[in-house]
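Tertiary structure, described
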Amino acid sequence: MTLVDERSAHTEVVPRASVRAVTKVFSQGSQAVTALDGIDLDVTPGEFVTVLGASGCGKSTLLQLLAGLDKPTSGTVETSSQPALMFQESALFPWLTAAGNVELALKLAGVPRKERPERVQELLELVRLGAAGDRRVHELSGGQRQRIALARSLGQGADLLLMDEPFAALDAITRDVLHEELSDLWQRTGMSVVFVTHNVREAVRLGQRVVLLSSRPGRVLRTWDIELSQPRTIEDPGVGALSAEITAALRQEISRHAAA
Amino acid sequence: MPQPDLVKESPELASVSDGLDALEQAPPRRRRIDWTAIVAPILVLAAFVGIWHFVWWTAWKPESTLPSPATVGQSLWTSITDGTALEAVWTSLSRAILGFAIAVVAGTVLGVLVGQFSLLRKGFRPILSALQSLPSVAWVPFAIMWFSLSPGTIYFVILMGAVPSIANGLIGGLDQTPPLLRKAGVVLGAGRLQLIRKVLLPAALPTYLTGLKQGWAFSWRSLMAAEVIVNSPDLGTGLGQLLENGREMLDMPSVIASIFLILVVGVVVELCVFAPIERKVLRDRGLSASGL
Ligand SMILES: Nc1ncnc2c1ncn2[C@@H]1O[C@H](COP(=O)(O)OP(=O)(O)OP(=O)(O)O)[C@@H](O)[C@H]1O
Ligand SMILES: [Mg+2]
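In every chain, residue numbers begin from 1 and rise along the written sequence. Here every chain gets a letter starting at A, and every ligand a number starting at 1, in the order they are written. Given that the model is predicted, a residue must reach a pLDDT of at least 70 before its local features are reported, and side-chain atom pairs must reach 80 or more before they are shown or counted; all residues, however, enter totals for whole chains, interfaces and linings. Excluded from the side-chain calculation are hydrogens and water; included are all heavy atoms of the structure.

On to the domain arrangement of chain A. All names here are of chain A. When its domains are assigned, chain A resolves into domain 1 (1-83 + 160-260) and domain 2 (95-157). What marks off one domain from the next here is an automatic or database domain assignment. Placing a centre on the C-alpha atoms of domain 1 and another on those of domain 2 gives a separation of 26 Å. By definition in these notes, contact holds between two residues if any of their heavy atoms fall within 4.5 Å. Each side of the interface is counted separately: domain 1 has 13 residues, and domain 2 has 11 residues. Counting the surface lost from both domain 1 and domain 2, the interface buries some 900 Å², and carbon and sulfur atoms represent 70% of this. Note on definitions: salt bridges are taken to be side-chain nitrogens of Lys or Arg within 4 Å of carboxyl oxygens of Asp or Glu. On the surface where domain 1 and domain 2 come into contact, there are 2 salt bridges. Salt-bridge contacts for Arg128 lead to Glu181; the nearest nitrogen and oxygen are separated by 2.8 Å. Reported buried area values correspond to the accessible surface (1.4 Å probe) lost by two parts on association, with both partners' losses combined.

The subject of this paragraph is the site of ligand 1. All names here are of chain A. Around ligand 1 sit Phe26, Gln28, Val33, Ala35, Ser55, Gly56, Cys57, Gly58, Lys59, Ser60, Thr61 and Glu165, and those are all the residues in its vicinity. Whenever a nitrogen or oxygen atom comes within 3.5 Å of another N or O atom, the pair is scored as a polar contact, on the condition that within protein one atom can donate a hydrogen and the other can accept it, and that pairs from neighbouring residues in sequence are kept only if both atoms are in side chains. Cys57 has a polar backbone atom sitting 3.2 Å from an oxygen atom of ligand 1. Measuring from an oxygen atom of ligand 1, one finds a side-chain N or O atom of Ser60 at 2.6 Å. Residue-level accessible areas treat just the shown protein chains as cover; the underlying method is Shrake-Rupley with a 1.4 Å probe. Summarising the interface, the protein chains cover 65% of the accessible area of ligand 1, which totals 640 Å² for the free molecule. Helix numbers and strand numbers start at the N terminus; a helix is a DSSP run of H or I with at least 4 residues, a strand a run of E with at least 2. Among the secondary structure elements, those contributing two or more residues to the shell around ligand 1 are β1 (17-28), β2 (31-43) and α1 (59-66). Sort the elements by how many residues they give to the shell around ligand 1 and α1 lands first, with 3 residues. Proximity criterion: a residue is near a molecule or strand once any of its heavy atoms comes within 4 Å of it.

The next subject is the sheet that holds β2 of chain A. Residues and elements named next belong to chain A. Strands qualify as paired when DSSP identifies two bridges or more between them. Pairing within the open sheet is antiparallel, and its 3 strands lie in the order β2-β1-β4. A strand with exactly one partner marks an edge of an open sheet, and here the two such strands are β2 and β4 (74-79). Going from strand to strand, the sheet's axes swing by 30 degrees on average, the running direction of each strand aside. Here 5 bridges tie β1 to β4, and the two strands are oriented antiparallel to one another. Opposite Thr23, over in β4, you have Ser74 as the bridge partner. Note on definitions: angles span 0 to 180 degrees between N-to-C directions of axes, and those axes are lines fitted to C-alpha atoms, for helices only across the stretch in contact.

The following block contains the structure:
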């Protein structure tokens, strides 16, 4: 969808990411799967967009395209710089310590060796794991791993963070805490976030804008601008009401496939 | 990165988060020595020597074919005190180390090159596996015809024994690298070479190490086969030559003592070099080491 910001009236806002008429077809032998069909999406600086959709609707595919890990079949994907990407599993390198993982991100981003230790410590403290730097990946819990992965992503210095169901495998309390930490960090850093999830409440809790995708093929079905103020919690009545509305739309979309 | 300003976060969030961390804390690593793993093999060895002594005592075979453990021990002791054992061990070991080092370089370069392209991987893996199962003695006549009785023959046989295992281990490791880690590396901005050095090679390390260990075992075996066959005074006396000289002089105690030395060198290198490296690599990744 196109975003017409009031600000663009006088100063042109350069989007952090812009997806234009993107179609992605996976062809495996005779069966071609159209994962995405005619997707348009702009992400402005500092914006938090959540992408919702049923399983298999192409959410991960969209992020892979944005991250440059794959090419669209047609259409264009532009980003202002290489975005950072967080996966459902932490994807930390098990041969490095927590600090080593963060340091590698800094190294690959071209941060000089001398400055790295201090920056690593800053980033670890930002995700509240300042004392866990020399821990090995297997010695961290799921929630801690995702926080280190977040620190690593931040270390990349990207202005756009892509998150693919990063908290889906965590228990509810840990997820709540990470929601708070993420909201907090987002507001403090001014980076843009595209957050993919199939959890409606999570999408409403975090995002400024919720984009609902349809399944097979993935198209933008509808978007909601979220006016609720931050900080908010997942229990807020406003979050609940909007979630109910979006859930209804999502269920309707899913039932459409049963009828077909 | 846009610098975060130091906004204070809610103390409640901090304490919940810290509480979760405390609960999630992994138990501290314990390290203790498993004495049974050391004592049990010694007991088995002692029992074996006991049975050997008993069979010798029954005089089932003539002394020249089955000497007593004491006679073999005597022979071993003599060869150690007069320096022949040490010289032979050193000659063989230095050959094995040099040959293995060349094999590591060759196997690693081959593995990295082949590992980059899935078509090459598909083409090379079965051939390397086939070469791995070819007994390296088979290369000895071939090598003699190429290099005659020179060190070249010995090193050629070592290389043919070790390179396939090393290359195959590395290629296998590269093949098994989780695509997720490769993607993570690409997203972090790693170029092609950085991706190989910082992500693919470290990810392949455990399998590569297994290949190296096997490569060393094959080096050592191939070397012994080559030394037994390629026996010429100008080549110096390695353990294989010591073994063959013992046979020529019908000196059974010396033959058994040589076999013992060959075994000991193999076991010592495995236990003192490869086992600790493997244990450290696996422990760092939270994988358990198998065996010792
Ligand atoms: N590499 C691939 N080859 C063939 N088909 C693929 C490939 N990747 C994804 N697909 C197909 O494209 C569709 C979208 O997949 P995608 O992983 O983007 O969905 P998703 O919305 O992330 O699902 P989930 O919620 O389960 O993570 C699915 O039907 C999937 O089977
Ligand atoms: Mg997905």
